[in-house]
Amino acid sequence: MTHPIIHPLAALLNPGVRELEISGIRRFSTLAAQYPDALSLTLGQPDFATPEHVKQAGCQAIADNHTVYTANAGLLKLRQAAADFVAARYDLHYDANTEVIITNGATQALDIALRTLLVPGSEVVLPGPVYPGYEPLVRLAGATPVFVDTRSSGFRLTAQALKQALTARTRCVLLPYPSNPTGTLLGTDELAEIAAVLAEREVFVVSDEIYSELVYTDSHHSLAQFANLRNSTVVINGLSKSHAMTGWRIGFTFAPPYITEQMLKVHQYSAACASSVSQYAALEALTHGQADAAPMREAYLQRRDLVCARLRAMGLPVTVPAGAFYVFPDISEFNLSSFAFAARLLAEVRLAVVPGAAFSPLGEGHVRISYAYAPEVLTAGMDRLESFLTRLRT
Ligand SMILES: Cc1ncc(COP(=O)(O)O)c(C=O)c1O
């Protein structure tokens, strides 16, 4: 094993950055890389290819020399297409000129939103267990994440629990539904109760809706549909999951002009604009590919049912996901930390899943299984998990 040489200037690097935790997912994938023959159910991205017509639009954009900067906020026709899409699908209404920014994936959308809304010393309330991409961005903005324990309410943030978590320092509530890693979403009644609590407070909402096209029951609802919250909310979305476009890096922010105007400055000086080629591909996805997500959603639904049926047959408690493409079974009966469980699963039967603790300490006692894999891969994975559980139980 080689030891990194510590440079004398290392201590001068920004302590805020040095203290950021390496994501538990990354720590675990480093471990998994030592087992190249392992079967992995860890990836949080579609296993489908980007739709052909979208790829062609990207190629055409290069051929047409659309390889220069676009407007900082993105191509106006793409912003319009994004606004039209959320209007038609989710009844969200935004002006393409003043309320939409095209970003480098949902990740950069989250970054510019949080850096614009937060000040040092402020607090962000978010339900846990939760996607590990939020906490570092909150901390880089000098704020503190406050995790609300959602384990006893089926991983759903309740209005009551939210109310208890709000303090004078709360600047923002982050809603991550449909949820990675739990697959839960909130219904309109639950959102209405949350909206009623938030309407009484001067706080912003960031609503990460990147999985909105992958909802299996009901349809997707956004907190920004509530008139009294629309102007304090930043809605985050993008094409990574809906159109199998993770590598193209296209995300969106939808927010009222007074927020968009300020976020645009952060975006302008950190990214200038999203990739021009990707923006043309995104335009094609949103204008001629509104139906692209449907067959993928149908496939994920069948895979969800396959995995949940197998987990239940193995006796692992699991909340059936209503959206996204993850399940989060309870492994607490084995009295192993989620990292120890996942490490043994990997070493003993060569199956990689993500330890629940990667999703905040509230994810302990669970593992995350992605079902964005072909059914035969999922079946092989479930066979390995079953043999491991049999071994643990005997
Ligand atoms: C909840 C959530 N938000 C945001 C992202 C990042 O999306 P993007 O690839 O568009 O940056 C992910 C990626 O896995 C995610 O799971």
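Residues numbered from 1 in each chain as written. Predicted model: local features only at pLDDT ≥ 70, side-chain atom pairs only at ≥ 80, totals over all residues. Heavy atoms only, no water.

A. Representation of the overall build of the chain within the structure. A count of helical and extended segments in the chain gives 14 helices and 12 strands. Taken against the 2.2 N^0.38 rule, which gives 21 Å for 394 residues, the C-alpha radius of gyration of the chain at 21 Å falls within 12% of a compact globule. With the principal axes as the frame, the chain shows a C-alpha extent of 65 × 55 × 50 Å. Within the chain, the proportion of its 394 residues that are buried is 52%. In the chain, the proportion of contacts linking residues at least 24 apart, taken out of those at least 6 apart, comes to 77%. Accessible surface, the chain: about 16,900 Å² in total, of which carbon and sulfur atoms supply 55%. Seen as two clouds, the 30 positive and the 35 negative side-chain charges of the chain have centres 5 Å apart. (Helix = DSSP H or I, 4+ residues; strand = E, 2+ residues; numbered from the N terminus. Rg over C-alpha atoms; globule rule 2.2 N^0.38 Å. Buried < 20%, exposed > 50% of the residue type's maximum accessible area, 1.4 Å probe, protein only. Contact = heavy atoms within 4.5 Å. Areas by Shrake-Rupley, 256 points an atom, 1.4 Å probe, with all protein chains shown as cover. Lys, Arg positive; Asp, Glu negative; His and termini not counted. Charge placed at Lys NZ, Arg CZ, Asp CG, Glu CD.)

B. Examining the side chain of R368 more closely. Structurally, R368 is set in strand β12 (residues 367-370). The buried charged residue R368 lacks any salt bridge partner; its closest oppositely charged side chain belongs to D208, at an N-O distance of 11 Å. One polar contact links the side chain of R368 to the main-chain carbonyl oxygen of T42, over a distance of 2.7 Å. (Salt bridge = Lys/Arg side-chain N within 4 Å of Asp/Glu carboxyl O. Polar contact = N/O pair within 3.5 Å; in protein donor to acceptor, adjacent residues only side chain to side chain.)

C. Looking closely at the site of the ligand. By nearness alone, every residue bordering the ligand is listed as G105, A106, T107, Y131, Y134, N180, D208, I210, Y211, S240, K241 and R249. Within the side chain of K241, a nitrogen or oxygen atom sits 2.7 Å from an oxygen atom of the ligand. Calculation on the ligand without its partners gives an accessible area of 400 Å², and the protein chains cover 92% of this total. The element that contributes the greatest number of residues to the shell around the ligand is helix α5 (residues 105-117), accounting for three residues. Residues that form the shell around the ligand fall into these classes: five nonpolar, four polar and three charged. (Near = heavy atom within 4 Å. Nonpolar A, V, L, I, M, F, W, Y, C, P; charged D, E, K, R; others polar.)

D. The pairing of strand β6 (residues 204-208), seen in detail. Counted residue by residue, β6 has four buried out of five residues, so it is predominantly covered. With four bridges connecting them, strand β5 (residues 170-175) and β6 associate as parallel partners. From the neighbouring strand, V173 faces β6, where its bridge partner is V205. On the question of chirality, the crossover connecting β5 to the parallel β6 by way of helix α8 (residues 188-199) is right-handed. Where β6 lies against strand β7 (residues 233-238), four bridges are found, and the strand directions are parallel. Counted as the bridge partner of V206 is V234 from β7. (Pairing = 2+ DSSP bridges. Right-handed = clockwise from strand over helix to strand, strands pointing away.)

E. Inspection of the sheet that holds strand β9 (residues 326-327) at higher detail. With antiparallel pairing, three strands are arranged side by side in an open sheet as β9-β12-β11. Whereas interior strands pair on both sides, the edge strands pair on one side only; in this sheet they are β9 and β11 (354-355). Examined bridge by bridge, β9 and β12 share two bridges and lie antiparallel to one another. Bridge pairing links V327 to I369 in β12.

F. Seen up close, the packing of aromatic side chains. What the rule picks out here adds up to 14 aromatic pairs. Ring centres of Y211 and F325 lie 5.6 Å apart, and the angle between their planes is 85 degrees; on these two criteria the pair is classed as edge-to-face. Here Y211 is found in the loop between β6 and α9 (227-230), whereas its partner F325 is found in the loop between α12 (293-313) and β9, with 114 residues between them in sequence. Of the two residues, Y211 and F325, both sit in the buried class. Among the aromatic residues, those joined into a cluster by ring pairs are F48, Y211, Y300, F325 and Y326. (Phe/Tyr/Trp six-rings, centres within 6.5 Å; stacked < 30°, edge-to-face > 60°.)

G. Representation of the environment of E261. Turning to its location among the elements, E261 is positioned in helix α10 (residues 257-271). It is 9.8 Å that separates the C-alpha atoms of E261 and A73, two residues lying 188 residues apart in sequence.

H. View of the packing of helix α2 (residues 24-32) against helix α13 (residues 338-349). Close contact between α2 and α13 brings their axes to 11 Å; oriented N to C, the two are set at 25 degrees. Judged by the angle between their axes, α2 and α13 are roughly parallel. Of the two elements, α2 crosses α13, and the hand of that crossing is right-handed. Residues R27, F28, L31 and A32 of α2 lie in contact with α13, whose contacting residues are F339, A342, A343 and L346. Residues that form the contact of α2 with α13 fall into these classes: seven nonpolar, no polar and one charged. (Axes fitted to C-alpha atoms, helices over the stretch in contact; angles between N-to-C directions. Parallel < 35°, antiparallel > 145°, perpendicular 65-115°, else oblique. Left-handed = near helix turned anticlockwise from the far one by under 90°.)

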